[in-house]
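# Commentary on secondary and tertiary structure
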Amino acid sequence: MNKSLSYKKTHILQNAFFKNLSREALYIMKNRIFSRCFAVMLALLLCCLSGLTVGAEVYTEQSGKYKLIFDDAGVTDAAVTERILTIFREQYEKMAEKYNPNAPRTVMCTVDPGYDGVAYASGNKITVSAAWLQNNPNDADCVTHELFHVVQGYPTYDPVWLVEGLADYARGEFGLYNDLSHWGFPSFDAGQHYTNSYTVTARFLAWCVKYVNPDLVVRLDSLFRQNRYTPSVWEEMTGATIDNLWAEYAADPGLDRMVGDAVSYTHLRAHETREDL
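Notes on the structure in this doc start here. In this convention, every chain numbers its residues from 1, walking through the sequence in written order. Where local features are concerned, this predicted model is filtered to residues with pLDDT of at least 70; where side-chain atom pairs are given and counted, the filter is 80 or more; whole-chain, interface and lining totals use all residues. Only hydrogens and water are set aside; all other atoms, that is, all heavy atoms of the structure, feed into the side-chain values.

### Concerning the overall build of the protein chain
Heads up, the condition is: Put simply, DSSP H or I for four residues or longer makes a helix, DSSP E for two residues or longer makes a strand, and each gets a number counted from the N terminus. Per-residue accessibility, obtained with a 1.4 Å probe over protein chains only, is compared with the maximum for each type, and a residue is labelled buried under 20%, exposed over 50%, and partly exposed between these values. Residue contacts are counted whenever heavy atoms from the two residues lie within 4.5 Å of one another. Throughout, the Shrake-Rupley method with a 1.4 Å probe supplies accessible areas, and for residues the shown protein chains are the sole cover considered.
The number of helices and strands found in the protein chain is ten helices and five strands. In the protein chain, which comprises 277 residues, the proportion classed as buried is 38%. Expressed as a percentage of contacts within the protein chain between residues at least 6 apart in sequence, the contacts between residues at least 24 apart total 61%. Of the accessible surface of the protein chain, which amounts to about 15,500 Å², a share of 56% is contributed by carbon and sulfur atoms.

Structural data, given as structure tokens:
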């Protein structure tokens, strides 16, 4: 046989072998790349889906020009959901009209199974602990407190004790189910101070509104929104420093007396006509 011809045949066979081998290797490589890409994409998809709760219901509640978007996370009792929707429907517009007509028109409220507090508000968004609602199904008015934070919309929240006191005062004013949850202002105790915040401060504010200046809370809220709150506004609005007011409150903290038996600051009601307070 011609050596040259034999060499050519051998070369052709080798090329064909390696060509087929390359195709097989390329096929295997493509499959491996595809499998790895698919695994990565699946992992990313699962990560994205992990933030969603299977079975979650999203409700939309309209109240005049205001709207609530409520996500129950699929773990909220139907009765609790209905109470929260009712609170928004019946009370949010009243809050806004009295305290801040420019309050957000749309509020988003989400029940969070991963949140271990009670509830909090940020801008027009409210987050409520799923565990809290499950363990305290009668405490739907914790959302009333947070709705008032949405209405507040202050540029700063200092001092925070007063901001939270105002929100609990609003819960006392607008709450629909406080009796159901046995929520209320605590009895006065000599160890309390107006800076204790929440219900302690709210009770003090209620006393001031009833016996000193009925517009005090509305004006404090307005001053916060204008970033004009200072401790001196207490004396401007009541004729007494907050410490003096607290001393008189501590001496007779009852909320059931007649106004005529109350604090002797009624001569200062002329302040109520001042537009800047």
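### Considering the sheet that holds strand β4 (residues 119-122)
Our working definition: Should DSSP find at least two bridges between two strands, the strands are regarded as paired. Between N-to-C directions, angles span 0 to 180 degrees; the directions come from axes that are lines fitted to C-alpha atoms, helices contributing only their stretch in contact.
Reading across the sheet, the five strands line up as β1-β2-β3-β5-β4 and stay open at both edges, with mixed pairing between neighbours. Strands at the two margins of the open sheet, each flanked by one partner only, are β1 (58-63) and β4. The sheet shows a mean angle of 15° between the axes of neighbouring strands, taken without regard to direction. Summarising the sheet, strand β3 (residues 106-112) and strand β5 (residues 125-129) pair through five bridges and their orientation is parallel. Opposite Val111, over in β5, you have Val128 as the bridge partner.

### Details of helix α10 (residues 242-251)
For clarity, the threshold we go by: Note: the arc covers the axis-to-C-beta directions of the helix.
Looking only at α10, the buried set comprises Ile242, Leu245, Trp246 and Tyr249. The buried residues of α10 occupy an angular sector of 100° when projected down its axis, which confines them to one face. Buried residues in α10 make contact with α5 (160-174), α7 (198-211) and α9 (233-238).

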